[in-house]
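Each chain, letter by letter, is given below.
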Amino acid sequence: MKLVLLLLLGLWCYLLPSGLSANVSRPAAVDIGAVFSFNSTIGRVAKVAIAAAVDDVNNDSSVLHGTKLVVEMQDSNCNGFIGIVEALQFMEKDIVAIIGPQSSVIAHVISHVANELQVPLLSFASTDPTLSSLEYPFFIRATQSDLFQMAAIAELVDYYQWQQLIAIFIDDDYGRNGVASLGDKLAERRCKISYKAAMRPGATESDITDLLVQVAMMESRVIVLHAYPDIGITVFSVAKYLGMISNGYVWIATDWLSSFLDSSPHLATGSMDTMQGVLALRQHTADSKRKSTLASNWRKLAEKETGENFQLSSYGLYAYDSVWMIAYALDAFFSNGGKILFSNDTNLLHTKGGILNFEAMSVFDGGQLLLDQIHRVDFVGVTGHVQFDSQGQLIHPAYDILNIVGTGSRKIGYWSNYSGLSTVSPETLYTKLANHSRVNQQLYSVIWPGETITKPRGWVFPNNGRQLRIGVPNRVSYREFVSEERNTGIIKGYCIDVFSAAINLLPYPVLYKFIPFGNGHENPSYMELVEKIISDEFDAAIGDIAIVTNRTKAVDFTQPYIESGLVVLAPVNRRNSNVWAFLQPFTVKLWCVTGLFFLVIGAVVWILEHRINDEFRGPPKKQLTTVFWFSLSTLFFSHKENPVSSLGRAVLIVWLFVVLIIQSSYTANLTSILTVQQLSSPIKGIDSLISSDEPIGFQVGSFTENYLVEELGISRSRLRALGTPEEYATALELGPSNGGVAAVVDERPYVELFLSTHCKFAIVGSEFTKSGWGFAFPRDSPLAIDLSTAILTLSENGDLQRIHDKWLIRSSCSLQNNELESDQLQLKSFWGLFLICGIACALALIIYFFLVLQQFRKHVTVEDIDSTSSQGNSRSGRSLQAFLSFVDEKEVDAKNKSKRKQMQQESCKSIDLKC
């Protein structure tokens with residue numbers, strides 16, 4: 001027992017000095033400050049949360065080890081100027097850190113002062129997102145930055161495939177910079193803010209009504225509301241009165257709304273009715289025991305501190321953790337030898353500030369050390385894991401996405417900077433690899449304004465009575481596509497009927513008027529027509545407008561309503577059969593390859609049969625004749641020499657199959673040439689046209705001219721502009737030698753319409769570009785998307801084809817094929833057959849020579865090679881000569897010779913003679 005007491009006494013003596021020294025180095029109390037608006041939605045919650053956190057820190061001796069944390073709160077009174085003055089007076093006191101403020105205006109000023117006095121400033125509420133620790137090193141965001149909130153909204157807009165939205169915001173630093181950040185995030189996803197509706201701080205209900213009337217006249221129906229709770233609630237009330245909380249509208253509120261609803265759970269039914277179907281964001285905080293404990297004690301804490309009954313919000317949680325953040329940092333500060341010392345700022349000693357006693361403001365000497373410790377904090381608070389990244393932002397920013405329904409809200413998913421939109425909680429996603437793939441972005445269903453679950457389209461036509469100005473080409477030729485009647489001014493044609501039919505399928509009315517474009521004497525430039533959309537002279541362009549690359553860079557097109565592409569139009573002659581018609585079915589290359597394979601097959605079969613088949617043996621002249629006769633006779637399947645080897649038969653079977661296909665194809669094509677009247681043209685397609693030096697015609701106003709020059713490298717001096725079908729026919733009939741053209745290059749729809757009444761011409765070669773015609777609209781126009789869907793519907797129900805037949809089908813040349821293709825069979829058509837045959841021959845020869853080589857080694861000895869070869873040759877030369885002699889020898893004779901030699905050797909051994 002005495003031994004135990006002695007040990008305890010020694011241990012106490014050892015620990016006492018360190019404990020005393022720790023207590024000596026730590027002050028009895030540390031003062032911190034808090035600046036915020038007590039009477040605001042966020043401020044009243046923050047006041048209770050900060051007081052509760054200070055009590056919890058002081059009751060936990062393991063944090064500050066006996067040092068008491070003292071907080072002094074200052075009310076900024078929801079007024080920028082008064083708040084700044086009071087905050088400056090507040091900073092005359094020696095405090096080591098400040099929590100707050102909420103106001104962006106106050107935050108900017110106090111950040112300057114805090115930076116000068118080296119006092120860390122922890123902001124627990126939404127402030128100007130452009131405020132950063134790069135500009136103000138002592139400014140610390142103790143909550144999630146609004147930059148992440150704007151990123152969440154941008155991803156939400158992109159998820160529902162809305163292209164544009166309207167932003168309603170408070171016209172101050174908080175509102176302007178927040179909306180600017182939203183615009184940047186939307187631009188990253190090819191979306192945009194189409195209209196910015198700014199409200200002055202303190203806007204009246206009349207001001208808000210005037211603003212919302214303007215918003216209601218806009219095209220977009222997706223509205224983001226970035227405001228303060230008092231003004232935001234008024235906006236919803238006025239919007240409800242104006243019928244803007246109804247079917248077709250989308251409202252997205254930033255986290256001011258969730259903060260208001262969370263802290264005011266017992267709202268009147270009328271107030272909740274004004275925001276039904278609204279989407280709202282709330283800062284995500286992880287569920288934990290500490291959070292549940294604080295929430296369960298909240299009512300008692302609120303009544304004790306303020307005498308009121310309100311609920312805890314996410315900003316209250318961040319204010320609570322801000323106090324703990326300072327407490328943990330102070331503990332590390334003292335442990336690293338930090339001391340609470342202040343010194344005068346020489347810049348403020350001679351400043352006259354009236355009621356502001358600037359001389360009393362002191363610089364916190366240990367401010368930088370405390371700031372470093374704050375950035376290093378790492379603990380689990382009521383908001384979750386609290387830690388800063390290298391950018392000075394809290395790790396794992398995330399938001400809950402809420403849908404306001406009935407008397408409360410329902411959670412439809414989450415957004416996190418880690419994996420985007422998800423129905424899985426961020427804490428679960430943090431354990432997996434980050435995945436921002438669009439396939440993995442998902443949310444639960446939403447009940448939208450108007451009590452519908454159908455996703456709103458997000459836009460309508462502006463309700464300002466203005467008709468769409470639609471430019472149409474005033475064509476002179478091919479007026480079936482689009483034209484203006486000279487007497488009545490009515491615009492009609494194939495393209496107009498397609499547009500009208502598509503417009504009639506839209507679920508909303510569209511007011512528009514057609515405006516002819518062109519001088520009426522020649523076809524207009526279609527690139528100039530498209531540029532009128534860019535310059536805002538037209539709202540759209542309708543007509544036979546080809547979808548080409550340089551146009552798609554400037555405007556958006558609908559789904560093509562007709563296929564197009566450039567083709568070559570040339571005069572053709574009727575070609576009858578002649579004395580050499582039997583050679584026409586095959587090209588020269590195919591004739592040569594076929595003849596070569598006949599000889600190859602004859603040679604291969606001769607090699608395979610020479611040693612075992614008497615029909616392939618004899619004098620050299622006879623063998624050569626046999627090779628030629630056998631190979632050519634296989635064409636008629638009349639060869640009298642029958643292979644006896646397995647390899648020879650295999651090669652012959654493959655070759656006879658090839659001959660059968662070639663013979664059948666030749667017969668069919670020759671029959672067509674001899675019995676059907678053919679069309680011929682010296683121009684075979686675009687390749688032969690490029691290689692010639694003859695003039696080429698093109699249609700005035702089309703993109704063909706630039707394509708031929710810039711893409712195909714054809715000299716502009718060879719091109720001839722043609723305006724009408726009659727000019728096409730005249731130029732082609734005259735030909736290049738008489739001042740005409742060799743061919744015309746134009747889009748297929750025009751050429752097909754031309755050929756329906758001009759039978760002397762035809763399309764030669766194949767179509768060498770692929771495109772289509774579409775209707776042009778400004779960039780990101782929602783109408784282009786809806787019309788594309790309508791065009792697909794017209795195609796599926798057959799109306800598109802009926803409109804085509806109405807305008808573009810003519811009967812005079814309908815029975816004649818006006819598309820001239822090459823009538824000769826090409827080598828590429830039989831390349832696979834020749835390849836198979838070649839492989840069969842190669843394999844057969846390899847196997848044959850391998851077998852012969854084995855026999856040669858078995859039956860021919862070194863003595864035989866030396867005895868049968870001349871002495872002047874080398875050893876390798878004698879071996880090759882012996883092998884060739886063996887191959888030329890009949891297989892039966894070689895075996896008999898080897899057998900006789902073996903018997904002779906055995907006989908010699910039996911009589912003990914030297915052989």
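Residues numbered from 1 in each chain as written. Predicted model: local features only at pLDDT ≥ 70, side-chain atom pairs only at ≥ 80, totals over all residues. Heavy atoms only, no water.

*Asks:* Just to check I follow, could you spell out the pattern of salt bridges for this structure?
*Replies:* Once their charged atoms are close, side chains differing in charge can pair, the charge on each being opposite to the other. Per the counting criterion, the structure on display carries 27 salt bridges. A salt bridge links R26 to D331, with the nearest nitrogen and oxygen atoms 2.9 Å apart. With R26 in the loop between α1 (2–25) and β1 (29–36) and D331 in helix α13 (residues 314–335), this residue pair connects regions lying 305 residues apart in the sequence. The salt bridge involving R189 is made with D158; its shortest N-O contact spans 3.4 Å. Placement of R189 in the loop between α7 (173–187) and β7 (192–199) and of D158 in helix α6 (residues 146–159) is noted, with a sequence separation of 31 residues between them. On the basis of relative accessible area, R189 is assigned to the partly exposed category, the value being 31%. (Salt bridge = Lys/Arg side-chain N within 4 Å of Asp/Glu carboxyl O. Helix = DSSP H or I, 4+ residues; strand = E, 2+ residues; numbered from the N terminus. Buried < 20%, exposed > 50% of the residue type's maximum accessible area, 1.4 Å probe, protein only.)

*Asks:* What is the right way to look at the packing of helix α8 (residues 205–216) against helix α9 (residues 229–241) in this model?
*Replies:* Relative placement of two packed helices is described by the angle separating their axes and the distance separating the axes. One way to put it is that α8 packs onto α9 with a least axis distance of 10 Å and a crossing angle of 55°. Comparing their axes, α9 and α8 come out oblique. Relative to α9, α8 is oriented so that their crossing is right-handed. Of the residues in α9, those touching α8 at E205, I208, T209 and L212 are I231, T234, V235, V238 and A239. Of the residues that constitute the contact of α8 with α9, the class distribution is six nonpolar, two polar and one charged. (Axes fitted to C-alpha atoms, helices over the stretch in contact; angles between N-to-C directions. Parallel < 35°, antiparallel > 145°, perpendicular 65-115°, else oblique. Left-handed = near helix turned anticlockwise from the far one by under 90°. Contact = heavy atoms within 4.5 Å. Nonpolar A, V, L, I, M, F, W, Y, C, P; charged D, E, K, R; others polar.)

*Asks:* Even after reading the chapter, I still don't get the environment of V45, so can you show me in this structure?
*Replies:* Relative to the helices and strands, V45 is located in helix α2 (residues 41–58). In this structure the C-alpha to C-alpha distance between V45 and S263, which are 218 residues apart in sequence, comes to 7.5 Å. Once residues lying within four places of it in the same chain are set aside, the contact partners of V45 are S263, W298, F310, Q311, L312, S313 and G316.

*Asks:* How should the side chain of Q144 be read in this particular structure?
*Replies:* Following the sequence through the fold, Q144 ends up in the loop between β5 (139–141) and α6. Note on Q144: relative accessible area 7%, which makes it buried. There is a polar contact of 2.8 Å between the side chain of Q144 and the side chain of Y318. Only 3.2 Å separates the side chain of Q144 from the backbone nitrogen of A398, close enough to count as a polar contact. Discounting chain neighbours no more than four positions away, the residues touching Q144 are Q283, H284, Y318, P397, A398 and Y399. (Polar contact = N/O pair within 3.5 Å; in protein donor to acceptor, adjacent residues only side chain to side chain.)

*Asks:* Looking at this structure, how should I read the packing of α2 against α13?
*Replies:* For the pair α2 and α13, the least separation of the axes is 8 Å and the interaxial angle reads 35°. The handedness of the crossing between α2 and α13 is right-handed. In this structure, α2 uses I42, V45, A46, A49, I50, A52, A53, V54, D56 and V57 to contact α13, whose residues at the interface are Y315, G316, A319, Y320, V323, W324 and A327. A breakdown of the residues in the contact of α2 with α13 according to their chemical character gives 15 nonpolar, one polar and one charged.

*Asks:* Looking at this model, I keep getting lost on the packing of aromatic side chains. Mind explaining?
*Replies:* Pairs of aromatic rings are described using the distance from one ring centre to the other and the angle between the two planes. Overall, the coordinates contain 38 aromatic pairs when judged by the stated rule. Ring centres of F517 and F538 lie 6.4 Å apart, and the angle between their planes is 90°; this geometry places the pair in the edge-to-face category. Of this pair, F517 sits in strand β21 (residues 512–517) while F538 sits in the loop between α17 (526–534) and β22 (540–541), and the two are 21 residues apart along the sequence. Using a relative accessible area of 8% as the deciding quantity, one classes F538 as buried. Across the ring face of W324, the terminal group of R290 is positioned such that the distance to the ring centre comes to 4.9 Å. When the ring centre of W459 is taken as reference, the NZ or CZ atom of R457 above it lies at 5.4 Å. (Phe/Tyr/Trp six-rings, centres within 6.5 Å; stacked < 30°, edge-to-face > 60°. Lys NZ or Arg CZ within 6 Å of the ring centre and 35° of its normal.)

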